[in-house]
Amino acid sequence: MAKQLTRTKLVKKLDTIFSQYIRKVNSDNEISTCFTCGKQDHWKKLQNGHFQSRRHYSTRWDETNCQVQCAGCNVFKYGEQFIFSQNLDNKFGEGTARRLHIKAQKTIMITNSELEDWIFKYENLVANM
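Student: Sorry, what's going on with the environment of Lys-24 here?
Tutor: Structurally, Lys-24 is set in helix 1 (residues 7–25). In this structure Lys-24 comes out as partly exposed when scored by relative accessible area, which is 21%. Separated by 16 residues in sequence, Lys-24 and Thr-8 have C-alpha atoms that sit 24 Å apart. Once residues lying within four places of it in the same chain are set aside, the contact partners of Lys-24 are Trp-43, Val-126 and Met-129.

Student: I'm lost on the sheet that holds strand 3 (residues 40–42) in this one. Help?
Tutor: Think of a sheet as strands paired side by side through backbone hydrogen bonds, with each pair either parallel or antiparallel. Taken in spatial order, the three strands line up as 1-2-3 in an open sheet, and their pairing is antiparallel. What marks the edges here is a single partner per strand, and that holds for strand 1 (27–28) and strand 3. Sheet analysis places strand 2 (residues 31–33) next to strand 3, joined by three bridges and oriented antiparallel. Within strand 3, the position partnered with Ser-32 by the bridge is Asp-41.

Student: I tried to follow the packing of aromatic side chains on my own but got confused; where do I start?
Tutor: Aromatic ring pairs are reported here in terms of the distance separating the ring centres and the angle at which the planes meet. Counted according to the given criterion, the structure contains six aromatic pairs. For the pair Phe-18 and Tyr-122, a centre-to-centre distance of 5.0 Å together with 90° between the ring planes defines the contact as edge-to-face. On the criterion of sequence distance, the pair formed by Phe-18 in helix 1 and Tyr-122 in helix 6 (residues 112–127) is long-range, its members being 104 residues apart. Each residue in the set Phe-18, Tyr-21 and Tyr-122 is aromatic and connected to the rest through ring pairs, giving one cluster.

Student: Looking at this structure, how should I read the environment of Arg-55?
Tutor: Along the polypeptide, Arg-55 turns up in the loop between strand 4 (47–50) and helix 2 (57–60). Since its relative accessible area comes to 65%, Arg-55 is described here as exposed. Taking the C-alpha atoms as reference, Arg-55 lies 20 Å from Arg-23; in sequence the two are 32 residues apart.

The rules behind each value
Residues numbered from 1 in each chain as written. Predicted model: local features only at pLDDT ≥ 70, side-chain atom pairs only at ≥ 80, totals over all residues. Heavy atoms only, no water. Helix = DSSP H or I, 4+ residues; strand = E, 2+ residues; numbered from the N terminus. Buried < 20%, exposed > 50% of the residue type's maximum accessible area, 1.4 Å probe, protein only. Contact = heavy atoms within 4.5 Å. Pairing = 2+ DSSP bridges. Phe/Tyr/Trp six-rings, centres within 6.5 Å; stacked < 30°, edge-to-face > 60°.

Without other data, these values stay purely geometric and don't point to any function.
Quick look at the structure:
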């Protein structure tokens, strides 16, 4: 029988595969564009930026909340949240940033089984890209 992963390891594994998915699904011929500054680079050299912080589990793995960002915007400019919010509204419709902000404030309980299901889902999506 396979050993069960700890919750911490499940979250880390989901973060890793979800990040790959976000960067690859938003690439064209392996090249992705930073959502906030427009810099283009190979998807492996860019990051999965979160509009609402990763500490909010209700939006941590939300595909709208997560967009490709360069390290300059995501880390050194703290996510460029204002530009990020404008670009979210432009891409997904007016009020998207506000809806994500409200969603992030909700406390949710995610089971280990749900984490495992999401890992399986995103591993399959990445493998079939």
